[in-house]
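The primary structure of each chain is shown beneath.
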Amino acid sequence: MTHGGPPRLQREPAGEAKVSKYSTKFTKDSMYAQFRLKAGSLLLDYRPKGADSIIEEFKVTLTNPLKLRLYHNLSPGDIVVFTAVIRDLHKAYPGLFVTDVRTSVQPLFENNPHITDHGTFTGSDVVHVQCQYSKGIANSNQGNKHFITAFHDDLERKLGMPIPVTAGRGEVFLEEKEKQWSSRVWEILEADPPFWIIDAGRKNDFTNKLWALDRFQAVVDAFPNTTFVQIGAAGANHHHPPLKGENVINEVGKTNIRQLIRLMYHAAGVITPVSFPMHLSAATPIHSKHRFKHRPTIVIAGSREPASWEAYTNHTYLDNCGILPCSGAGGCWKARIEALGDGDKKDKDLCTKPVKLATGQTIPKCMDLITAEQVISIMKQYMEYTY
C-alpha cells in the first residue's frame with residue numbers, strides 16, 4: 001500500500017445519510033469539499049443547550065450503535081491531535097458508536113482500533129460530522145484549555161454529550177510486524193545507535209515557526225557522536241535546507257507517513273519547532289530498546305502559541321510568552337515573518353518584531369531569544385538522565 005496522499009474517497013449521495021434535526025447543509029465551497037460530499041448533504045451541527053443528545057435522538061443502544069463519519073482536513077499535526085477525541089469517545093461510550101474518518105492524512109489511522117475500515121458504511125445510515133477546533137484558538141490565551149480539548153469541545157456540542165479527556169496526547173498505532181522491522185537508520189548504517197529526529201525547516205503557510213538554521217547546525221555540531229536524522233517534506237511549499245555533518249542522515253522528502261511513524265517509534269529524541277513531529281512524538285509509542293517510556297522532545301516555540309495550549313507535559317517546550325510586548329497577553333498567533341507574495345492572506349498577518357540575522361535569515365525576535373546553547377544544554381541533560 002502506498003501513502004503518497006489521501007485515498008480516493010467516494011461521493012456520498014445527497015439526502016441518503018441519516019439526518020439529525022440538528023444539521024446544516026454542506027456547501028460546495030466548504031473547506032471540506034475535497035471529500036466529494038454533494039452540496040446540500042447534511043452535516044451534524046451544534047445542539048442548543050438542553051437538547052436531546054444524539055443517543056436519545058436516534059435511540060442508540062449496544063445492539064443499535066450509531067455510525068459516525070468524522071471529517072477534518074487540515075495539517076498532519078492537527079490530525080494527530082484529532083485522534084484523541086475519537087479514542088475518548090469510545091472510552092466514554094463503549095459499543096455505542098462505530099466511527100470512520102475522512103481526513104487529509106488517512107495513513108495516521110491505520111491500525112487504529114476505533115476506526116472501521118472504509119467502504120463498510122452505507123450512505124443511508126451514517127451521520128456526517130465535520131470536526132473543528134478554531135473556537136479553541138480564539139480562547140487559547142486564557143490558559144485553561146489545551147489543543148487536545150478543542151476537538152472534544154466541538155464534538156461534545158454536536159453530539160450533546162460529554163467526552164472526557166483521558167490522555168493529553170493523540171494516539172498513533174503500529175502493527176506488531178511494523179514494530180519488528182528494523183529502523184531506517186539500521187538500513188543505512190547497518191548499526192543501531194540511538195538517534196534524534198531533527199526538523200530544521202518550515203512550511204510556507206506559517207513561516208513564523210522557524211528557528212535560526214545556523215543554530216540547528218550548531219546543535220548538530222555539538223554532538224558529533226550522536227546520529228541525527230533530518231526530516232521534512234519536499235516540494236515548493238516546504239523549506240528544509242540540509243544540515244551538514246557525518247552524523248547527519250538526510251531523509252527530507254524520503255519518508256511517507258507510515259515510514260515517519262516507524263522512524264519516530266525507534267527515535268531516542270526529537271528537536272522540532274511547533275509542527276507535525278512534535279505532535280507525532282507525543283502520540284507514537286517508543287521502542288522498548290530505550291529505557292525510558294516517553295520520548296525526549298525539545299520544542300523550539302518562541303511566543304507564537306502559548307504553552308498552556310500547545311505543550312505536552314513530557315516535552316521541553318521553549319517559549320517566552322510575556323517577555324516581549326507582542327506576546328504580553330500570550331501567543332501572538334502571527335502567521336509569517338515576511339510576505340511571500342503568493343497571494344495568501346497570511347501575507348498580511350506578519351510578525352511585528354522581525355530580526356535579520358548575520359546569516360541573512362530573518363526570524364521573529366521571540367525565536368531569536370532562544371539560543372543554540374539553551375538547546376544544547378537541555379539535550380545534554382536528557383542524555384545524562386535518560387540514556
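Residues numbered from 1 in each chain as written. Predicted model: local features only at pLDDT ≥ 70, side-chain atom pairs only at ≥ 80, totals over all residues. Heavy atoms only, no water.

Student: Would you mind showing me how to read the packing of aromatic side chains here?
Tutor: Both the distance between ring centres and the angle between the ring planes are used here to describe each pair of aromatic rings. Counted according to the given criterion, the structure contains 10 aromatic pairs. Judged by centre distance (6.2 Å) and plane angle (20°), the ring pair of Phe-147 and Phe-151 falls under stacked. On the criterion of helical spacing, the pair formed by Phe-147 and Phe-151 is a turn pair, its members being 4 residues apart in helix 4 (residues 147-159). For the residue pair Phe-147 and Phe-151, the accessibility class agrees, reading buried in each case. Among the aromatic residues, those joined into a ring-pair cluster are Phe-82, Phe-109, Tyr-133, Phe-147, Phe-151, Trp-309 and Trp-333. Against the face of Tyr-46 rests Arg-157, its NZ or CZ located 3.9 Å from the ring centre. Taking the ring centre of Tyr-46 as reference, the NZ or CZ of Lys-158 above it sits at 5.2 Å. (Phe/Tyr/Trp six-rings, centres within 6.5 Å; stacked < 30°, edge-to-face > 60°. Helix = DSSP H or I, 4+ residues; strand = E, 2+ residues; numbered from the N terminus. Buried < 20%, exposed > 50% of the residue type's maximum accessible area, 1.4 Å probe, protein only. Lys NZ or Arg CZ within 6 Å of the ring centre and 35° of its normal.)

Student: Any chance you could explain the nonpolar core here in plain terms?
Tutor: It is characteristic of soluble globular proteins that their nonpolar side chains tend to be buried jointly. Of all hydrophobic cores here, the largest spans 65 residues; its most connected members are Ile-54, Phe-97 and Leu-108. For this core, the leading source of residues is helix 2 (residues 76-92), giving 8 residues. The residues contacting Leu-108, other than those within four sequence positions of it, are Pro-76, Ile-79, Val-80, Val-172, Ile-257, Arg-258, Ile-261, Phe-276 and Leu-280. Within the second largest apolar cluster, 34 residues are counted, among which are Phe-228, Ile-271, Phe-292 and Ile-378. (Core = buried A, V, L, I, M, F, W, Y, C linked by side-chain atoms within 4.5 Å. Contact = heavy atoms within 4.5 Å.)

Student: I would appreciate a short explanation of the sheet that holds strand 5 (residues 126-130) in the present structure.
Tutor: Working definition: the strands of a sheet are paired by backbone hydrogen bonds and lie parallel or antiparallel to each other. The 3 strands are arranged 4-3-5 in an open sheet whose pairing can be described as parallel. Strand pairing shows two members of the sheet lacking a second neighbour, strand 4 (97-103) and strand 5, which therefore form its edges. Put simply, the sheet's adjacent strands are angled 25° from each other on average, direction ignored. Packing against the sheet, helix 2 makes contact with strand 3 (66-72) and strand 4, and its axis sits at approximately 170° to strand 4. Its contacts with the sheet put helix 4 on strand 3 and strand 5, and the angle it makes with strand 5 is roughly 140°. (Pairing = 2+ DSSP bridges. Axes fitted to C-alpha atoms, helices over the stretch in contact; angles between N-to-C directions.)

Student: How should I be thinking about the environment of Phe-82 in this particular structure?
Tutor: Checked against the element boundaries, Phe-82 lands in helix 2. Sequence separation between Phe-82 and Thr-149 is 67 residues; the distance between their C-alpha atoms is 9.6 Å.

Student: So what exactly am I meant to see when it comes to the sheet that holds strand 12 (residues 297-302) here?
Tutor: With parallel pairing, the 6 strands of this open sheet are ordered in space as 10-8-6-11-12-13. Only two strands of the sheet have a single neighbouring strand rather than two, namely strand 10 (248-250) and strand 13 (316-319). Pairwise comparison of adjacent strand axes, ignoring direction, gives a mean angle of 20° for this sheet. Here helix 8 (residues 257-266) sits on the sheet and contacts strand 6 (195-198), strand 8 (227-230) and strand 11 (269-273); the angle it forms with strand 6, its principal contact strand, is near 135°.

Student: Teacher, can you tell me more about unusual backbone geometry here?
Tutor: Here the phi dihedral of Lys-59 falls at roughly 50°; this positive angle occurs in a residue that is not glycine. Here Lys-59 is to be found in the loop between helix 1 (54-58) and strand 3. Overall, Lys-59 belongs to the exposed group, its relative accessible area being 62%. Positive phi values are uncommon outside glycine, yet Asn-111 reaches one of about 75°. As for its placement among the helices and strands, Asn-111 is situated in the loop between strand 4 and strand 5. On the accessibility criterion, Asn-111 (31% relative accessible area) is partly exposed.

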